[in-house]
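Overview (structure and organization)
Letter by letter, the chains look like this.
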Amino acid sequence: QVQLVESGGGSMQAGGSLRLSCPTSGYTYSNYCMGWFRQAPGKEREGVAAIYTGGSRTTYADSVKGRFTISQDNAKNTLYLQMNSLKPEDTAMYYCALGFRWRSGGYCDTNSAYYNSWGQGTQVTVSS
């Protein structure tokens, strides 16, 4: 089965940067969607960013546009999330996910329903 293991989380002061990584294994498909999601205590899980590996088309939540960048290294089968200008509101458990459904035009959705495999999460804490 597909396995995903997030890393790179930690504590950071507001304005700082973190880079999350998610190496994957257990699949051989060429085109797929990968996404980053986050969940804070007492809140619903929300989509942060997604990428379609068939053309590297990306989708971002409005709250992170201009600050976060999602990318995929196909050779390493690794998903990344570069997080810059971090804010306290970014504090959450971050999860990477993989799915094999995408929207027309090769865009991946940030709706968690499109994803089948999930990592266990990495904690990001941003202090003011």
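In short, a report on the structure. (Residues numbered from 1 in each chain as written. Predicted model: local features only at pLDDT ≥ 70, side-chain atom pairs only at ≥ 80, totals over all residues. Heavy atoms only, no water.)

**Details of the overall build of the protein chain**
Rules: Think of it this way: any DSSP run of H or I at least four residues long counts as a helix, any run of E at least two long counts as a strand, and we number them from the N terminus. Both definitions apply: the radius of gyration is a C-alpha atom measure, and the globule rule equals 2.2 Å times residues to the power 0.38. Burial classification: accessible surface area is computed with a 1.4 Å probe over protein chains only, and a residue below 20% of its type maximum counts as buried, one above 50% as exposed, and the rest as partly exposed. Throughout, the Shrake-Rupley method with a 1.4 Å probe supplies accessible areas, and for residues the shown protein chains are the sole cover considered. Here the positive residues are Lys and Arg and the negative ones are Asp and Glu; neither His nor the chain ends is included. Charged groups are reduced to one reference atom each: NZ for lysine, CZ for arginine, CG for aspartic acid, CD for glutamic acid.
Scanning the protein chain from terminus to terminus reveals 0 helices and 11 strands. Taken over the C-alpha trace, the protein chain has a radius of gyration of 14 Å; the compact-globule value for 128 residues is 14 Å, and the two agree within 12%. For the protein chain, the spread of C-alpha atoms along the three principal axes comes to 40 × 30 × 25 Å. For the protein chain, the residues scored as buried account for 42% of the 128 residues in total. Entry remark: accessible area of the protein chain is about 6,600 Å², with carbon and sulfur atoms responsible for 42%. Side chains of the protein chain carry 11 positive and 8 negative charges; the gap between the two charge centres is 4 Å.

**Re the nonpolar core**
Where we set the bar: Only buried residues count toward a nonpolar core, which is a set of Ala, Val, Leu, Ile, Met, Phe, Trp, Tyr and Cys residues joined through side-chain atoms within 4.5 Å. Every residue pair with non-hydrogen atoms within 4.5 Å of one another is taken to be in contact.
In terms of nonpolar packing, the biggest core is built from 27 residues, with Trp-36, Val-48, Phe-68, Leu-79, Leu-81, Met-83 and Tyr-94 touching the most fellow members. For this core, the element with the most residues is strand β9 (residues 92-99), which contributes 4 residues. What Met-83 contacts, discounting residues up to four positions off in sequence, is Gly-16, Ser-17, Leu-18, Leu-20, Arg-67, Phe-68, Tyr-94 and Val-124. In terms of nonpolar packing, the next biggest core, distinct from the first, is built from 7 residues, Cys-33, Phe-37, Tyr-52 and Cys-108 among them.

**Some points on the pairing of strand β5 (residues 46-52)**
Quick reminder of the rule: A pair of strands is labelled paired if DSSP reports no fewer than 2 bridges between them.
Among the 7 residues in β5, 6 count as buried, and that is most of the element. Note that strand β4 (residues 33-39) and β5 share 6 bridges and pair antiparallel. When the sheet's bridge partners are listed, Met-34 is paired in β5 with Ile-51. In sequence, β4 turns back onto β5 through a hairpin of 6 residues, with Gly-42 there showing a positive phi of about 80 degrees. Hairpin remark: β5 followed by strand β6 (residues 57-60), antiparallel, with 4 residues in the connecting loop; positive phi at Ser-56, about 60 degrees.

**Some thoughts on the packing of aromatic side chains**
Stated precisely, the cut-off is as follows: Aromatic pairs are defined between Phe, Tyr and Trp rings, using the six-membered ring for Trp, whenever the two ring centres lie within 6.5 Å; interplanar angles under 30 degrees are classed as stacked, those over 60 as edge-to-face, and all others as tilted. Charge-over-ring placement is defined geometrically: NZ (Lys) or CZ (Arg) within 6 Å of the ring centre, and within 35 degrees of the ring normal.
Tallied over the full model, the rule gives 5 aromatic pairs. Each ring, one from Phe-37 and one from Trp-118, has its centre 4.8 Å from the other, and the planes form 55 degrees; the classification is tilted. Of this pair, Phe-37 sits in strand β4 while Trp-118 sits in strand β10 (residues 117-118), and the two are 81 residues apart along the sequence. Judged by relative accessible area, which is 1%, Phe-37 ranks as buried. Classification of Trp-118 by relative accessible area gives partly exposed; the value is 26%. Through pairs of rings, three or more aromatic residues link up here, namely Phe-37, Tyr-115 and Trp-118. The lysine or arginine in question, Arg-45, covers the ring of Trp-118, its NZ or CZ lying 4.1 Å from the ring centre. Against the face of Tyr-114 rests Arg-101, its NZ or CZ located 5.2 Å from the ring centre.

By themselves, these are just geometric observations and shouldn't be taken as functional.
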